[in-house]
Amino acid sequence: MSATRLELDVLTLFPAMFSAISDYGVSGRALDRGLASLQVWNLRDFTTDNYRTVDDRPYGGGPGMVMLAEPVALAVQAARERQKLAGVSAPHVVYLAPHGRRLDHAMVMALLSRQGLVLLAGRYEGVDQRVLDSEVDETVSIGDYVLSGGELPVMVLVDALLRQLPGALGDSQSAAEDSFVDGLLDYPHYTRPEVWRGQPVPAVLTGGDHARIRQWRHRQSLLRTAALRPDLLAARGTSDEELKLLVKEDS
Ligand code: ADE
């Protein structure tokens, strides 16, 4: 699967926002290298009236506006057709919304196993439920708080996906060492100078003993996870070797 590029289509009312991922950093480089292709569609281009209307008042009353079903359906159809031409047999359609399943590393990896994703960013109070029922395969939230639209959540998801693609990170970096990959938080990092404002780098890191450094980092990951995210540690468990590592003197 890693040899084929990931096909991504984004449906949004604010396409210009997506330069934040296409023009910068690891995500920009992954796209430049052709590891994935990102097509951003403007939902307003799929409106059917002269005013290019994308929203209307909610049936039943209440505050805010609701995105119209038809432009969303037409945009999903356009994205599905583009993906089909790119060789994707069954694009997976994801709606980003606060009521979705909360995104984590395992979900990122599961989404990565798809050949193609169509990512719908909502605005206003939401999207007409009928088009969601007929077109969306999965609803994803990036956390228990509400943003003003799905664009930032889509970008969060795309960035998390792209950095996992083989070749996205430089030789010296590795997504395999990120936080969450083995159920633990990342260990602390240090660079020059060796003493900064009176604080030295932990001696083990300058000693050149790579086995000891690996062990120290593993222990730091365990300690940090126990302190900051005991829920992660409880879900993952700890091996006998790790328990031994934890009670060892910090040297
Ligand atoms: N849209 C608004 N808030 C969101 C969230 N927390 N996750 C995903 N999409 C959203």
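Overview of the structure. None of the values given here were measured: they were computed from a predicted structure.

**Describing the overall build of the protein chain**
1) Next: Within the protein chain, the secondary structure is distributed over 9 helices and 9 strands.
2) Next: Taking the principal axes of its C-alpha atoms as reference, the protein chain extends roughly 70 × 40 × 40 Å.
3) Next: When each of the 251 residues of the protein chain is scored for burial, the buried share is 41%.
4) Next: Of the contacts made within the protein chain by residues no fewer than 6 positions apart, 77% connect residues no fewer than 24 positions apart.

**Some points on unusual backbone geometry**
When glycine is set aside, most residues are seen to have a negative phi, and most peptide bonds are trans.
1) Next: In this structure, Pro 193 follows Arg 192 across a cis peptide bond, with omega equal to 5°.
2) Next: In this structure, Pro 193 sits in the loop between α6 (151-162) and β8 (195-196).
3) Next: Located in the positive-phi region is Phe 180, a residue other than glycine, with phi close to 80°.
4) Next: Relative to the helices and strands, Phe 180 is located in the loop between α6 and β8.
5) Next: Relative accessible area serves as the criterion here: at 37%, Phe 180 is assigned to the partly exposed category.

**As for helix α4 (residues 105-112)**
1) Next: Of the residues making up α4, those classed as buried are Met 107, Val 108, Leu 111 and Leu 112. Mapping the buried residues of α4 onto a view down its axis gives an arc of 140°, with all of them on the same face.
2) Next: Contact partners of the buried residues in α4: β1 (6-12), β5 (92-102), β6 (116-121), β7 (138-141) and α6.
3) Next: The N-cap residue of α4 is Asp 104: its side-chain oxygen and the backbone nitrogen of Ala 106 are 3.2 Å apart.

**Here's the deal with the nonpolar core**
1) Next: Counting 31 residues, the largest nonpolar core has Leu 119, Val 154, Leu 161 and Leu 162 as its most contacted members.
2) Next: In terms of residues, this core owes the most to one element, α6, which gives 6 residues.
3) Next: Apart from residues lying up to four places away in sequence, Leu 162 is in contact with Leu 8, Ser 27, Ala 30, Leu 31, Ala 36 and Ala 168.
4) Next: Grouped together as the second largest cluster of nonpolar side chains are 22 residues, Met 67, Val 72, Val 131 and Leu 132 included.

Calculation rules
- Along every chain, residues carry numbers that run from 1 in the direction the sequence is written.
- Side-chain atom pairs in this predicted model are given and counted only at pLDDT of 80 or more, local residue features only at pLDDT of at least 70, and totals for whole chains, interfaces and linings cover all residues.
- Think of the side-chain values as coming from all heavy atoms in the structure, minus any hydrogens and water.
- Helix and strand assignments come from DSSP, with helices taken as H or I runs of at least 4 residues and strands as E runs of at least 2, each series counted from the N terminus.
- Only protein chains enter the accessibility calculation, which uses a 1.4 Å probe. A residue is then buried if its area is under 20% of the maximum for its type, exposed if over 50%, and partly exposed in between.
- Any pair of residues with heavy atoms lying within 4.5 Å of one another is described as a contacting pair.
- Directions are taken from the helix axis to each C-beta atom, and the arc is the one they span.
- Whenever a nitrogen or oxygen atom comes within 3.5 Å of another N or O atom, the pair is scored as a polar contact, on the condition that within protein one atom can donate a hydrogen and the other can accept it, and that pairs from neighbouring residues in sequence are kept only if both atoms are in side chains.
- Each nonpolar core is a collection of buried residues, namely Ala, Val, Leu, Ile, Met, Phe, Trp, Tyr and Cys, held together in the definition by side-chain atoms within 4.5 Å.

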